[in-house]
Each structure stands twice: as structure tokens, then as C-alpha cells.
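# Coordinates in review
The residues making up each chain are set out below.
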Amino acid sequence: MRIAVFASGNGSNFEAVARQRYRRAQIVLLITDNENAYCVERSKKLNIPYYIFPYDKYSGKSEYEKDILLLLTKEKIDVIVLAGYMRIVSPIILNAYPKRILNIHPSLLPAFKGMNAIREAYNYGVKIIGITVHYVSPAVDAGEIIAQDAFRIGRRTLPEVEARIHRLEHRLYPRVIKRLFDKQGDRL
Ligand code: GRF
């Protein structure tokens, strides 16, 4: 199962899924829209090829995604894993990968969609906070839920909560990939 990770920023989830040992799944390449993102450095360190698609160089989303799709097809990519990818995936890629695109979001969806989810949940005063791995659908952060994890906030400060959220993400995301795409005899 050949997997492409899409990331725009730090890339800690990219690194977590790339460091996991799989039998059949393989993190084949990184795609980023941001040449200055730290995920590129991680890619070099992990020896995983990276491909930069500078969004501004395209006339629009469809040209941008068509170009990405060419690479995905050439590289025979089976599954796409979004890991801090800051763009909405359009039907051009979505239709080519039905139920084959995953995302991780730092809230217990359907609560706190969108950016700044951790801070919003914390400031709202939720007592239990968590993360969600879901299939990507046309509506943002609204696809079918695959897995969640959560913890009680207690007396933790916001930075402590953020750190714990990220630790949970780094544990859950590789596990989901294993469960969905790493079984012996799996064929898409
Ligand atoms: C994570 O919190 C993830 O849930 C969200 O974006 C963040 C990406 O962090 N979608 P990183 O780039 O993987 O470190």
C-alpha cells in the first residue's frame, strides 16, 4: 500500500507515521505546498522524497491539484494521509481517492472544526479534549470518523494540553494506518 503524506507545516505527524514499522504500508513520498515548511527538513532526515507544489505558481486550485494527481498516478499512490495540510482538497483529488484520504484533526469532531481547535476547545472550558482521525469528504472536518482519543484536561495549562494532544496524535495516526492499510493480503 503506497502512501503519500500531504503537509504544510511542522510535519510532526508526518514523521510519526513515517517512523512506524509496517508490513505492507509504505510512506512513499511527501507533498507540500510550502517550500519553507519544516516537514521538508524531516523528509530529508527520513530519506523520504519530497515534492513541492507552490500553490501561487498555478492559475488555480484545479491546475494545482491536476499536477499533484499526475505525480500520485505516476508513483502509483494508493492512499493519501493529510498531516497538517492547510488546503481544502477539491473533488479533483477526492474523486480519484474515494475513502482513501485520511486527515487528523485536534478536536473531538464534530466539535471545534477548523483552525485553532485546541485553543478554542480549551477556552470554551471543555473538560475532556481529544483528537479525531477521519476520512476526508468535500466538507471540511466532516468526513466519516475512523478513530478518536481523548483525555481529561484537569489542571493542565494550554501548552500542556497542546503537547499532550500532539503526543496522542503521534500514537493514534500510525495505529489507524496500520489497522486500515497494513493487513496481510490487503488489496485495494
Ligand atoms: C496537528 O495538530 C493536526 O491535528 C492538525 O495540524 C497539526 C499538524 O501538526 N491537522 P504537524 O505539522 O503534524 O506537527
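Since this is a predicted model, take the numbers as computed values, not measurements.

Turning to the pattern of salt bridges, a few remarks are in order. Here the structure, examined in full by the defined rule, presents 10 salt bridges. Between E15 and R42 there is a salt bridge, with its nearest N and O atoms 2.8 Å apart. Placement of E15 in helix α1 (residues 12-19) and of R42 in helix α2 (residues 38-46) is noted, with a sequence separation of 27 residues between them. For the pair E15 and R42, one class covers both residues: buried. The salt bridge partner of K45 is E15, with a shortest N-O separation of 3.6 Å. Here the residue K45 occupies a position in helix α2, and E15 occupies one in helix α1, the gap between them amounting to 30 residues. Residue E15 is classed as buried on the basis of its relative accessible area of 11%.

Quick look at the site of the ligand now. Residues in contact with the ligand, as listed here, are N10, G11, S12, N13, G84, I104, H105, P106, H166 and E169. Between the ligand and N10 there is a distance of 3.2 Å, counted from an oxygen atom to a side-chain nitrogen or oxygen. One of the side-chain nitrogen or oxygen atoms of S12 is found 2.5 Å away from an oxygen atom of the ligand. The protein chains hide 83% of the 370 Å² of surface that the ligand would expose on its own. Taken atom by atom, the bulk of the ligand overlaps the largest pocket.

Cut-offs and rules
- In this numbering scheme, every chain counts its residues from 1 along its sequence in written order.
- The predicted nature of this model means local features are confined to residues of pLDDT at least 70 and side-chain atom pairs, given and counted, to a pLDDT of 80 or more, with totals for whole chains, interfaces and linings taken over all residues.
- Just so you know, side-chain values use all the structure's heavy atoms and leave hydrogens and water out.
- We define a salt bridge as a side-chain nitrogen of Lys or Arg found within 4 Å of a carboxyl oxygen belonging to Asp or Glu.
- A run of H or I in DSSP counts as a helix once it spans at least four residues, and a run of E counts as a strand once it spans at least two, with each numbered from the N terminus.
- Buried, partly exposed and exposed residues are distinguished by accessible area as a fraction of the type maximum, computed with a 1.4 Å probe on protein chains only: under 20%, between the cut-offs, and over 50%, respectively.
- To be near a molecule or strand, a residue needs just one of its heavy atoms within 4 Å of it.
- Polar contacts, as counted here, are pairs of nitrogen or oxygen atoms within 3.5 Å of one another; within protein the pair requires one atom able to donate a hydrogen and one able to accept it, and residues that are adjacent in sequence qualify only if both atoms are side-chain atoms.
- Here, Shrake-Rupley sampling with a 1.4 Å probe gives the accessible areas, and only protein chains in the shown set may cover a residue.
- Lining residues are those with an atom within 4 Å of a point, where the points come from a 1 Å grid over the protein atoms alone and group into cavities, where a 1.4 Å probe fits but cannot get out, or pockets, open sets with protein on both sides within 12 Å along at least five of seven lines.
- Cavity and pocket membership follows a simple rule, namely that a molecule belongs there if more than half of its atoms are within 2 Å of the grid points.

Remember, this is a structural readout, not a statement about activity or role.
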